[in-house]
Amino acid sequence: MSFIDERKALTREKRLSTLSHFDGTLQSLDDEVQGTEIKQRIRTLTQSTYDEILYALQVLSGIEETAIVVHGAVGCAASVLYQNRQRTVHWYSTNLNERDTILGGDEKLRKAVIRAYEEAHAKVIFIVGTPVVAINNDDVNSVILELEEEINARIISIPTDGFKTKAPVTGYDIVLHGLLRYVVDRSAAEAADRQDFINVVTLSENNENVAAIVKILRDLEIPFQLLPQFANVDNIKRAGQARATITLNPDEGGYFAEELEEVFGVKYIRTSVPIGLRGTRHWIRKLTAELGVEDRAEAYIEQQEERAQGILHTRLLDGHSVFLDIDLASAVHFTDFVEKLGGRVSGLAVPFIDLENRTNLNKLGSLEKSIPVVIANGQLYEKSNVLQKHKADFYISLNDQVSFAAQLGSIPISLKQAGILGYEGIAQFVRLVEQSKDRQGSYGLPDQNSLYKASWLKKSSNWYVKQEVK
Amino acid sequence: MQTVIKSPRNGCGLHGALQTVQGIRGLVPIVHANAGCAVQNYLAGKAGGAGMGSISGASTFSTDVQERHVIFGGASRLREQIKNTIKVAEGDLYIVLNSCESAMVGDDVEAMTREAREQGEAVVECLTAGFHGDSHYGYESVMTDLVKKLPQIRPAADKRRIRLVNLLGILPGQDICFRGDLTELKRILQGIGAEVNCFFGPENGVEELVTAPNASLNLVFSKWGRKAAAGLEERYNIPSLEFASVPTGPQEVAAFVHAVAEKLPLDERVIRCFLQEEEDEFRYYYRGLVDHFYEELAGKSVAVVGDESTVLRVGGFLTEYLGASVETAVVTDYFGKAENSREEKSGAVTALAREAYFTQDSKEIQDILVHSDVELILGSSLEQPAADKRQIVSLEVSYPVYDKAVVNKSYAGNRGALTLIEDYLTAVKTANRLKEQRLYAYINNTAG
C-alpha cells in the first residue's frame, strides 16, 4: 500500500507497530512480537537520545544543492554544526523567541527561506519542524505556497516535531516521504524507459561504509547513484527512472524503495545488510541476479572471500562473549560475522523491532534464547545494569558514548566511525578488534566513578520498563 | 528583534544551562524536554572542541516527553523522572532544566521540584526554555538560580571566609579554554594567598556552590556572570569586581592582582614576590622570541571573531604585546536576554578595533571578513571559509573548533599568554611562508 498521497509519513508506531522499549530475553521478545500488533511499552526513567529531528537533520545535511531552514529556537539547529564538519551545509535557524511562540514565526520563516534561496542558491529548501512550531501550529504550508510563486526553488516541509514518535528512524521516513512526494520526477518516470543505473539508498551509513559499497559496485562495473546521502537534486529527481533500487539497510531505506517500486515501478531488490562474508555475498548475489550479471559476481565473490579468509582465520574472538548494540537488520549478519571470528553473542540491544523486521529474530537461530535483549535508543543506565549482570568480554556498538562498558569490565568498541560493510568492512573491523584486545579496551586509567548507584545495578534491569496504559 | 541566523554557532538557553551543569562535579541534570534536546547539544559540543562532562548526550537524564505530555501536560512525567533519577544516578544535587516544550505547555516544574525537596531530596530547578535566549543566557540563568536556590537545601555556614573568591562569567563549552583558564586563574589567586571557588574543575563543584555565599568577593570575567554576582551581592552582601575579560599578560595580571588585593586582606609581600616571579618567568620566554616578533609580526592586521570577552582579551593582547592592529572585531554574543549589551559594550570593542560588528550570523560575518583588509583571522572554525576565500591563515580561538581537542589549554594569565604567543606566532609564520611562496611564484611568472 502506497503512502505517497499522505501529507506526511506516518510514525513507525502507526505504520509498523514499532516497539522502542523492551527489556527481557530473546525468548520473551519472540513471544512479545507475535500477533498482528505489537503491544507498546514505555520507560518511566529515560535518558536523552536521538529523536526524529536529529535523524532528519543528519540526512538532509548530506544532500547537495539544498538548504535547511530549522524553524524553531536556535538550539534546534545546533547539531548541524557537527554535520558541517565534513561537508558544507547551508543551514538557517528562524531563531524563534518567546514573542514568536505567542504570535507565530511566519515572518521569520519567510525571511529565512528567501535568504536560503538568495544566499545558498539552493534548488530545494527544506523547512524542518521543531516542538515549538508543532505546539504553536505555525502554518508552514501557507508560507510555502506563497513563496513558491516568488522564488525558483522547491520548498519542502519536513514536519518533524520531536515528540510524536519514540522511534527516531521515523525522521528518515519523513525526509524520504518529502523527497518522494515533491522531488522525484513522476512524469519522467512514467514516460521514459528505465535507465541503466540503480539507486543505492543510504541514510545512516558513515563514509567508510559507503566507500566500501561504492568499491564493490565499481569493481562489478554496476552503474549506480547514491541517495539521499551524497546525492544532488537531479539524482533524486531521476530516482524513478532507475532499473532497480537496493538499500544498505532495509529498515531505514525500505520505505523509499517500496514507494519507488509501487508508485514508479522501480524494482526493489530486497536484501539484508552487507555485513561479513555471508551478508556481503547475499547482497551482491541478489543485486547481480536482478541485473543479469551473476557471472561477473561469482568470480568477484570468490576472489574477495579468499582474501577475507586470510583475515578471518585468526579467530580473534575465540572463546569471547560479545554484547552487540546494533540495529536488528544489521544484527543478523553481524552475529554471523562475530561467530566466524570465534566469538559468541551473549546479549543484544537494538533500537526497535516492528511488524516488518521481526522476522529477523528467526535468523538469529544460533543465539541462545535466554540471552538478554534490550530494545532502546540509548538508555545507558539500563544497558549498564544488563552488562553488570551479564558480563561480556566485548561491548560492540554502532553508537558513540561506549566508555560506560569499560567501567563494567567489557572492552568497548564503537563502530560510529569505523567500517563494517562489505569486504573492506571485514578488514577494518578485524583490525579494530585486534587493537582493542591488545589494550584490553581501556585508554590509560580506567574510570572508576560510575554514574549509577550500586543499588540500581543490583535491581532488575527492566525495573523501569512498563506496559503502556492508553 | 532577534533575527534569522545563518549557521548559528550558539545553542539555546537550555543548551547553555546544560553545558554549565555538566561542568559541575556532583550536579546531575534532569532535562524536561523532548528526547533529542540534550543530544543536539552533545553533537554541537563534539564539533566544538571543548569536550563535555561525565554526564552528557545519551547519559543525560531526560523526560523524553511524548505527544500525550504535550496534550495533557507533562508534570506527572517529570515527577516520575525526578523520583527515578534520584534512585539511579549518583549525585550531590539534581537540577531540573525545562525546555521550550514544557514552557509552552505550562508544566509546573517548580511544584514538582518543591515536592521532591519537601521529601528531603536535593533538587532545584532552572527555567531555561530554549526560546528565552542563547547558550550564554543559559549559563547566566543557571548560575543565578544555583546560587539563589542551593542555600535552601544546603545552607552555607555563617562564617565569612575572608580570602575566598567566586569566579563567574567563564562559560563552559562556549569559552573553548574554560578549563585551562580557570586553572590558571586559580593558580594566580592561590599564589597571592586567596582561596578560590571555580565551580568547574576536578573539585566537587556542588561543595563550592555551597560555600559561594561565604566568599568575600565575586570576580566577574564577562557580562554573563553579572547576574549571578548581583544575586550573591544582594543576598549575602558579597561585593563584585568586574573585568571586561580574563587577564592575559603580565601587566593585566598585575592590574588584576592589585584590584583583588584592594578588596581582600592579603599579604602585600607575598603579592609582590608572586608578581615579580611571574613577570620574570614571562620575560624569560618573551625575550627569547622578541627578535622573531620584529621580523615576523611587524605590521600585521588581524580580525578577531568571538564572544565579547574573547575579542577583548585576544585582540587586546595582540595589540598590546605583539604589535598587531585589530582591523575588524566581530562580537558574537550580544543578543539573548541582554540585547542592550550591544550599546553597553560597543565602546570597549570599538576602542580596540577599527571596525566593530555585532552579529552571530555566519553569512554576515563571512561578508565582513572577506571585505576586511586583514592578514589573519582569529575566530572559530566557521570563519575558515572566509579565510580560504581570502587565502589567508586563520587561528581558532573561539567556539566552535572543529579539528582541535582542547583539554586544559589556556589563554589566560601569564602562562596562557605564552600559549597565545605560541599559537599566534605559529599562525603568522605560516602566513608569512605562504606569502613568500606567492611572491616567489609571482616573480618567477612575471620576470623575464
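The preceding data block contains the structure.
Residues numbered from 1 in each chain as written. Chains lettered and ligands numbered in written order. Predicted model: local features only at pLDDT ≥ 70, side-chain atom pairs only at ≥ 80, totals over all residues. Heavy atoms only, no water.

**Student:** I'm lost on the overall build of chain B in this one. Help?
**Tutor:** A count of helical and extended segments in chain B gives 17 helices and 14 strands. In terms of overall dimensions, chain B has a C-alpha envelope of 85 × 55 × 35 Å along the principal axes. Residues counted as buried form 62% of the 448 residues belonging to chain B. Put simply, of all contacts in chain B between residues at least 6 apart along the chain, 74% involve residues at least 24 apart. Carbon and sulfur atoms form 48% of the exposed surface of chain B, whose accessible area is close to 16,900 Å². Across chain B, 46 positive and 60 negative side-chain charges occur, with their mean positions spaced 2 Å apart. (Helix = DSSP H or I, 4+ residues; strand = E, 2+ residues; numbered from the N terminus. Buried < 20%, exposed > 50% of the residue type's maximum accessible area, 1.4 Å probe, protein only. Contact = heavy atoms within 4.5 Å. Areas by Shrake-Rupley, 256 points an atom, 1.4 Å probe, with all protein chains shown as cover. Lys, Arg positive; Asp, Glu negative; His and termini not counted. Charge placed at Lys NZ, Arg CZ, Asp CG, Glu CD.)

**Student:** Just checking my understanding: could you explain the overall build of chain A for this structure?
**Tutor:** Looking only at helices and strands, chain A features 20 helices and 16 strands. Here the C-alpha atoms of chain A give a radius of gyration of 23 Å, agreeing with the 23 Å that 2.2 N^0.38 yields for 470 residues. Across its three principal directions, the C-alpha atoms of chain A cover 65 × 60 × 45 Å. Going through the 470 residues of chain A one by one, you find that 62% of them count as buried. Separation between the mean location of the 53 positive side-chain charges and that of the 64 negative ones in chain A comes to 5 Å. (Rg over C-alpha atoms; globule rule 2.2 N^0.38 Å.)

**Student:** For this particular structure, what's the right way to read the packing of helix 3 (residues 52-60) of chain A against helix 9 (residues 170-182) of chain A?
**Tutor:** All names here are of chain A. Across the interface, helix 3 lies against helix 9 with an axial gap of 7 Å and an inter-helix angle of 50°. When the axis of helix 3 is compared with that of helix 9, the two are oblique. Here helix 3 and helix 9 pass one another in a crossing that is right-handed. For the pair formed by helix 3 and helix 9, the contact residues are Glu52, Tyr55, Ala56, Gln58, Val59 and Leu60 on the first element and Thr170, Gly171, Tyr172, Ile174 and Val175 on the second. Along the lines of polarity and charge, the residues of the contact of helix 3 with helix 9 split into 7 nonpolar, 3 polar and 1 charged. (Axes fitted to C-alpha atoms, helices over the stretch in contact; angles between N-to-C directions. Parallel < 35°, antiparallel > 145°, perpendicular 65-115°, else oblique. Left-handed = near helix turned anticlockwise from the far one by under 90°. Nonpolar A, V, L, I, M, F, W, Y, C, P; charged D, E, K, R; others polar.)

**Student:** For this particular structure, what's the right way to read the sheet that holds strand 14 (residues 394-397) of chain A?
**Tutor:** Sheets are built from strands that pair by backbone hydrogen bonding, the pairs being arranged parallel or antiparallel. Residues and elements named next belong to chain A. Taking strand neighbours across the sheet as the criterion, the 6 strands line up as 1-13-12-11-14-15 in an open arrangement whose pairing is mixed. Two strands bound the open sheet, and with one partner strand each, they are strand 1 (22-25) and strand 15 (411-414). Shown here is a sheet whose adjacent strand axes are inclined to one another by a mean of 20°, direction ignored. Here strand 11 (residues 321-325) runs beside strand 14; their pairing, made up of 4 bridges, is parallel. Looking at the pairing, Phe323 lines up with Tyr395 of strand 14. (Pairing = 2+ DSSP bridges.)

**Student:** Whenever I open this one, the pairing of strand 2 (residues 27-31) of chain B confuses me. Can you help?
**Tutor:** Sheet faces and side chains relate simply in a regular strand, where the side chains alternate between the two faces. All names here are of chain B. Where burial is concerned, most of strand 2 is hidden: 5 out of the 5 residues are buried. Across the two faces of strand 2 the burial is the same, with Leu27, Pro29 and Val31 and Val28 and Ile30 all buried. Summarising the sheet, strand 2 and strand 4 (residues 93-97) pair through 5 bridges and their orientation is parallel. For Leu27, the partnering residue across the bridge sits in strand 4 and is Leu93.

**Student:** Would you explain a nonpolar patch on the surface in this entry?
**Tutor:** Taken together, B:Leu439, B:Tyr442 and B:Ile443 make up a surface patch of nonpolar side chains, about 330 Å² in accessible area. By the secondary structure assignment, B:Tyr442 is in helix 17 (residues 413-446). (Patch = residues over 30% accessible without salt bridge, like charges linked within 9 Å, V, L, I, M, F, W, Y side chains within 5 Å. Salt bridge = Lys/Arg side-chain N within 4 Å of Asp/Glu carboxyl O.)

**Student:** How should I be thinking about the interface of chain A and chain B in this particular structure?
**Tutor:** Size of an interface, as often reported, equals the accessible area lost when the parts are brought together. Each partner contributes to the interface: chain A provides 64 residues, whereas chain B provides 67 residues. Approximately 5,500 Å² of surface area, both sides summed, lies buried where chain A meets chain B, with 58% of it carried by carbon and sulfur atoms. If you sort the residues of chain A by the area they bury against chain B, A:Ser48, A:Leu81 and A:Leu451 come out on top, with a joint share of 12%. Viewed at the interface, chain B and chain A are joined by 2 salt bridges. Of the charged contacts in the structure, one is a salt bridge between A:Asp400 and B:Lys46, with a shortest N-O distance of 2.7 Å. If you look at where chain A meets chain B, you find 35 residue pairs in polar contact (both at pLDDT 80 or more). The set of elements that each furnish at least two residues to the side of chain A that touches chain B consists of helix 3, helix 4 (80-83), strand 4 (91-93), helix 5 (98-103), helix 6 (106-120), helix 7 (131-136), helix 17 (380-389) and helix 20 (454-458) of chain A. Broken down by element, the residue count for the side of chain A that touches chain B peaks at 5 residues, all from helix 6 of chain A. (Buried area = accessible area lost by both parts, 1.4 Å probe. Polar contact = N/O pair within 3.5 Å; in protein donor to acceptor, adjacent residues only side chain to side chain.)

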